[in-house]
Amino acid sequence: MSRGTLVICGHGMVAQRLLEHLCEGGHPFNRVVVLGAEPVPAYNRVLLSSVLAGDATLDQLLLKDDGWFHGAGIERYYGDPVTTIDREQQRVITAAGRNLAYDMLVLATGARSTPLGIPGEDLDGVMTFRDLRDTRRLIDLSQRHGRAVVIGGGFLGLEAAEGLRCRGMAVTVLHRNPHLLNRQLDTTGSELLAASLQERGLGIRTGVSPAALLGNRRVRAVQLDDNTLVSTDLVITAAGITPNAWLAAQAGLEYGRGIRVNRQLRTSDPAIFALGECCEIDGKTFGLVDPGYEQARVLAQVLKGTVGKQLFRVTSQPTRLKISGIPIYSCGQTRPDEHTESIVWQDHEQNRYCRLLLRGGRLVGTVLFGETSDGPWYAEQIRKGHDLTPWRATLAFGRDYCEQAA
Ligand SMILES: Cc1cc2nc3c(=O)[nH]c(=O)nc-3n(C[C@H](O)[C@H](O)[C@H](O)COP(=O)(O)OP(=O)(O)OC[C@H]3O[C@@H](n4cnc5c(N)ncnc54)[C@H](O)[C@@H]3O)c2cc1C
């Protein structure tokens, strides 16, 4: 039975994954329409860091070609953001004046860089690193200027910094927390990362906050909260992301930090769904692509009416990152406390490090730096929650050693 018209607002990585799941075995809609604010179809946003660093080209980013969309019968309109949702009439209106009826609406509008909230953010040369347009501009500016400051030492900030360094700029990273990547790494992991990045030539200042961006028309310096100045030609702000929830808020849908949805990705209006970086589930928002992909899998089943008992579960998703070629993996608890004991293994020569956190013999967290191939196996042990005391002596050496010892 046909389910009428499905409209998807936003065509990023998660919306594309949703379309792919929907089309497996054929979708149940008369019409599927995708409306994207960017001028291009969905592309691999994760690879923008590689493009900035010169390791990938723009044409490698596209997720599916036109033929795929034609074959699947999906209508698409780009460069035309949705500006209004009329819930009473079940219609969406775009900036260019398109007016489309929907039976079901999916919001997949992603997130934007959180403003710093300090003077000078509107100066020329103050940038974000979110999309293709930002990436092209950063590449262009890196050819015309010598110095950059990146505000934020999370994964996005570090990737922006490393990309600009690879383009020949002198880059300084400013991070408020004393430790880089403090959400994903423990203290030792952060220190190893900082040392590796400094060795490559990045300037790193932790435990500092910007108080103002200075300049007449163009940014010239960052003033820090200790009143010191860092001179620069370019500032990239990467101090967190904010879900794009304003469209939903304006339509009267429930929202907090993101658009509030239940575990079937349904908003407070039963005909409207949200997923990816724009949504909020059980008070949690998302900044990595894997949870979005899992949401896409669940939502496809909900939209097809085949969901059964499948719900999206907010679990501690593993984080798998590559910061300037250094693989990093973390899962569960990353910092020791009075209830955990640590098994730590470090190879100074090869710059590899592993911390395993155990509580009552059970693995509750892992941080891997430099060598991460056993990460998924450790994540599985965390999920299973078995007593690993028999493997204790070999646990830090990974799966093969443990299985041979068993
Ligand atoms: C440079 C960079 C590197 C990253 N690296 C990693 C990584 O290594 N690992 C990882 O897990 N994650 C990484 N991420 C995060 C990852 O890209 C996101 O988690 C993922 O793209 C989220 O997908 P999404 O579909 O929810 O949002 P997005 O991919 O951001 O797509 C949302 C789309 O909706 C559009 N939109 C917004 N408002 C409207 C509107 N009103 N109407 C129509 N369209 C609208 C936006 O323009 C955008 O195209 C990275 C992100 C960036 C920016």
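Remember, predicted model here, so these are calculated numbers, not experimental data.

Points about the overall build of the protein chain
The helix and strand tally for the protein chain stands at 10 helices and 25 strands. For a compact globule of 406 residues, the expected C-alpha radius of gyration is about 22 Å, and the protein chain comes in at 23 Å, within 12% of that figure. Seen through its principal axes, the protein chain has C-alpha atoms that stretch 65 × 60 × 35 Å. Taking all 406 residues of the protein chain together, the buried fraction comes to 50%.

Some words on the packing of helix H1 (residues 13–23) against helix H8 (residues 289–304)
Where H1 meets H8, the closest approach of the two axes is 8 Å, and the angle between their N-to-C directions is 40°. By the angle between their directions, the pair H1 and H8 is classed as oblique. H8 is crossed by H1, and the crossing has right-handed handedness. Residue-level contacts link Met13, Val14, Arg17, Leu18, His21 and Leu22 of H1 to Val289, Gly292, Tyr293, Ala296, Arg297, Leu299, Ala300, Leu303 and Lys304 of H8. Residues of the contact of H1 with H8, tallied by class, amount to 10 nonpolar, two polar and three charged.

Regarding the nonpolar core
If you look at the biggest cluster of nonpolar residues, it comprises 50 residues, and the most contacted ones within it are Leu107 and Leu303. Contributing elements (two or more residues each) for this core: strand S1 (5–9), H1, strand S2 (31–35), strand S4 (82–86), strand S7 (104–107), helix H7 (246–250), strand S19 (272–274) and H8. Of the residues forming this core, the biggest block, six residues, is contributed by H8. In this structure leucine 107 touches Cys9, Ile85, Leu247, Ala248, Leu253, Ile259, Ile272, Phe273, Ala274, Leu275 and Cys278, once residues within four positions along its chain are discounted. Counting 39 residues, the second largest nonpolar core, distinct from the first, contains Leu48, Leu132, Ala160 and Ala194.

So, the site of the ligand
Around the ligand, the surrounding shell holds 30 residues, and the nearest of these are Glu38, Arg45, Val82, Glu277 and Val289. Note that an oxygen atom of the ligand is positioned 2.9 Å from one of the backbone N or O atoms of valine 289. Protein chains shield 93% of the accessible area of the ligand, which is 1,000 Å² for the free molecule. Elements with a contribution of two residues or more to the shell around the ligand: H1, helix H2 (48–53) and helix H5 (155–166). In terms of residue count, H1 provides more of the shell around the ligand than any other element does, three residues in total. By residue class, the composition of the shell around the ligand is 18 nonpolar, eight polar and four charged. There are two domains that each give the shell around the ligand at least three residues, and those are domain 1 (5–112 + 241–304) and domain 2 (126–237).

Digging into the sheet that holds strand S21 (residues 319–323)
Remark on secondary structure: sheet strands pair via backbone hydrogen bonds, oriented parallel or antiparallel. The antiparallel open sheet is built from five strands, whose spatial order is S21-S22-S25-S24-S23. Only two strands of the sheet have a single partner each, and these edge strands are S21 and strand S23 (341–347). Within the sheet, the average angular offset between the axes of one strand and its neighbour, ignoring direction, is 15°. Alignment of S23 against strand S24 (residues 352–359), held across seven bridges, turns out to be antiparallel. Each residue of the ladder has a partner; that of glutamate 341, found in S24, is leucine 358.

Brief notes about the domain arrangement of the protein chain
As assigned here, the protein chain comprises domain 1 (5–112 + 241–304), domain 2 (126–237) and domain 3 (325–405). Each of domain 1 and domain 3 has a C-alpha centre, and these two points are 36 Å apart.

Side note on helix H4 (residues 132–144)
Between its terminal C-alpha atoms H4 stretches 19 Å, which fits the 18 Å expected from 13 residues at 1.5 Å a residue. Turning to H4, its buried residues number three or more, namely Leu132, Asp134, Thr135, Leu138, Ile139, Leu141 and Ser142. Here H4 starts with a cap whose side-chain oxygen sits 3.3 Å from the backbone nitrogen of arginine 133, and that cap is aspartate 131.

A short note on the side chain of arginine 76
Tracing the backbone shows arginine 76 in strand S3 (residues 74–77). A polar atom in the side chain of arginine 76 sits 3.1 Å from the side chain of aspartate 66. Once residues lying within four places of it in the same chain are set aside, the contact partners of arginine 76 are Val34, Pro41, Asp66 and Phe69.

Some thoughts on unusual backbone geometry
Positive phi, normally seen in glycine, also occurs at glutamine 90, with a value near 50°. The backbone phi angle of aspartate 282 is positive, close to 50°, even though this residue is not glycine. In this fold, aspartate 282 is placed in the loop between strand S20 (279–280) and H8. Owing to a relative accessible area of 51%, aspartate 282 belongs among the exposed residues under this scheme.

Some details on the sheet that holds S4
Strand order in the open sheet made by the three strands is S4-S5-S6, with antiparallel pairing throughout. The open sheet is flanked by S4 and strand S6 (99–101), the only strands paired with a single partner. Pairs of neighbouring strands in the sheet enclose a mean axial angle of 20°, with direction left out of account.

How each quantity is defined
- Residues numbered from 1 in each chain as written.
- Predicted model: local features only at pLDDT ≥ 70, side-chain atom pairs only at ≥ 80, totals over all residues.
- Heavy atoms only, no water.
- Helix = DSSP H or I, 4+ residues; strand = E, 2+ residues; numbered from the N terminus.
- Rg over C-alpha atoms; globule rule 2.2 N^0.38 Å.
- Buried < 20%, exposed > 50% of the residue type's maximum accessible area, 1.4 Å probe, protein only.
- Axes fitted to C-alpha atoms, helices over the stretch in contact; angles between N-to-C directions.
- Parallel < 35°, antiparallel > 145°, perpendicular 65-115°, else oblique.
- Left-handed = near helix turned anticlockwise from the far one by under 90°.
- Contact = heavy atoms within 4.5 Å.
- Nonpolar A, V, L, I, M, F, W, Y, C, P; charged D, E, K, R; others polar.
- Core = buried A, V, L, I, M, F, W, Y, C linked by side-chain atoms within 4.5 Å.
- Near = heavy atom within 4 Å.
- Polar contact = N/O pair within 3.5 Å; in protein donor to acceptor, adjacent residues only side chain to side chain.
- Areas by Shrake-Rupley, 256 points an atom, 1.4 Å probe, with all protein chains shown as cover.
- Domains from an automatic or database assignment.
- Pairing = 2+ DSSP bridges.
- Expected span 1.5 Å × (residues − 1).

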